[in-house]
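# Structural overview
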Amino acid sequence: MAFSLSLEIANAAPTAEDFSAWDQAHLLAECPRDTQGRYLLCLAIETIHCPNCAWLIEASVQRVAPDVELSVDVPLRLVHLQFDPQRQPLSHIIAALAANGYAARAVSDSRDLSAQRQSLKQLFVAGFCAVQAMMFAEPLYWSGSDLPPQTAQFFAWLSALITVPVVSYSATRFFRGALTELRLRRPGMDTLISLSITLALLGSCIGLLLGNTAVYFDAIAMFVFALLLGRTLESMLMARARAAAMRLRGTVPSLATLENGTSCAVHDLKIGDCLRAA
């Protein structure tokens, strides 16, 4: 039985003017939703080259759908949309992008953007507090016996206070990982990191309460910052690798144009259907 499939377009639109196929229920059913019921969609746009492209994309979408939330990932050439199809039809958004020369195709996106933002916040807090803790600890290192004991105690306490957000917020990912490893009875890197932070913190707190200014709060903050920086860079490289694999999986278009000019989803095609090639 003959089976002729001609893959049309780059998954953007069935024709130059008609984008209504993007509003098909089948395509929207594959999109995840956020807590507010809005659809989450990731679009790959190969013509994104610079931050100015991101600005043009945001401006063109906001002009036709001001309630849509979107973010443009310039290095990965991806656009993340949060929209309500009842208020902003997806076809209008795709048409606005195409009118400015940004042909889009839908791809799956497994990234957790909220977790990524949380990770960046933890990195920022750790870096900011590490710099402050080192600034407060510097007189303890360079002044030696010339620094009055009361002043040395004051700087030591300041260094301890500025380290609290690092341990209680930025380092929580290591503590959660350690708990998981211990629960599975397979201690790993997070267990060693958490143990190091805990021992250094306990030793410094005991020394501070006993009047000793040889504390290591600044080292704890810098240690956490360095580890988080490494984890963040690793996550960025892994995201690039996932995006490359995602683009390979997304080379097959989601929409196709039948011989009679009507459009349909690729999943709805049957053996014997003849498609129009671009």
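Structure shown above.
Since the structure is predicted, the reported quantities are computational estimates derived from the model, not experimental observations. (Residues numbered from 1 in each chain as written. Predicted model: local features only at pLDDT ≥ 70, side-chain atom pairs only at ≥ 80, totals over all residues. Heavy atoms only, no water.)

### Overview of the packing of helix α2 (residues 51-64) against helix α3 (residues 90-99)
- As a packed pair, α2 and α3 sit with axes 9 Å apart at the nearest point and diverge in direction by 140°. Put simply, α2 runs oblique to α3. Between α2 and α3 lies a crossing whose hand is right-handed. Here α2 contributes Ile57, Ser60, Val61 and Val64 to the contact with α3, which in turn contributes His92, Ile93, Ala96 and Leu97.
- For the contact of α2 with α3, the per-class residue count stands at six nonpolar, two polar and no charged. (Axes fitted to C-alpha atoms, helices over the stretch in contact; angles between N-to-C directions. Helix = DSSP H or I, 4+ residues; strand = E, 2+ residues; numbered from the N terminus. Parallel < 35°, antiparallel > 145°, perpendicular 65-115°, else oblique. Left-handed = near helix turned anticlockwise from the far one by under 90°. Contact = heavy atoms within 4.5 Å. Nonpolar A, V, L, I, M, F, W, Y, C, P; charged D, E, K, R; others polar.)

### Description of the side chain of threonine 191
- For threonine 191, the location among the structural elements is in helix α7 (residues 189-209).
- Using a relative accessible area of 15% as the deciding quantity, one classes threonine 191 as buried. (Buried < 20%, exposed > 50% of the residue type's maximum accessible area, 1.4 Å probe, protein only.)

### Overview of the sheet that holds strand β1 (residues 39-44)
- Taken in spatial order, the four strands line up as β2-β3-β1-β4 in an open sheet, and their pairing is antiparallel. With partners counted over all chains shown, the strands left at the sheet margins are β2 (69-73) and β4 (105-107), one partner each. Going across the sheet, the axis of each strand differs from the next one's by a mean of 30°, ignoring polarity.
- Those strands touched by α2 are β2 and β3 (78-83), and its axis lies near 160° from that of β2. (Pairing = 2+ DSSP bridges.)

### Examining the side chain of aspartate 218
- Position of aspartate 218 relative to the elements: it lies in helix α8 (residues 217-249).
- Buried within the structure, aspartate 218 lacks any salt-bridge partner; its nearest side chain of opposite charge belongs to arginine 231, at an N-O separation of 22 Å. (Lys, Arg positive; Asp, Glu negative; His and termini not counted. Salt bridge = Lys/Arg side-chain N within 4 Å of Asp/Glu carboxyl O.)

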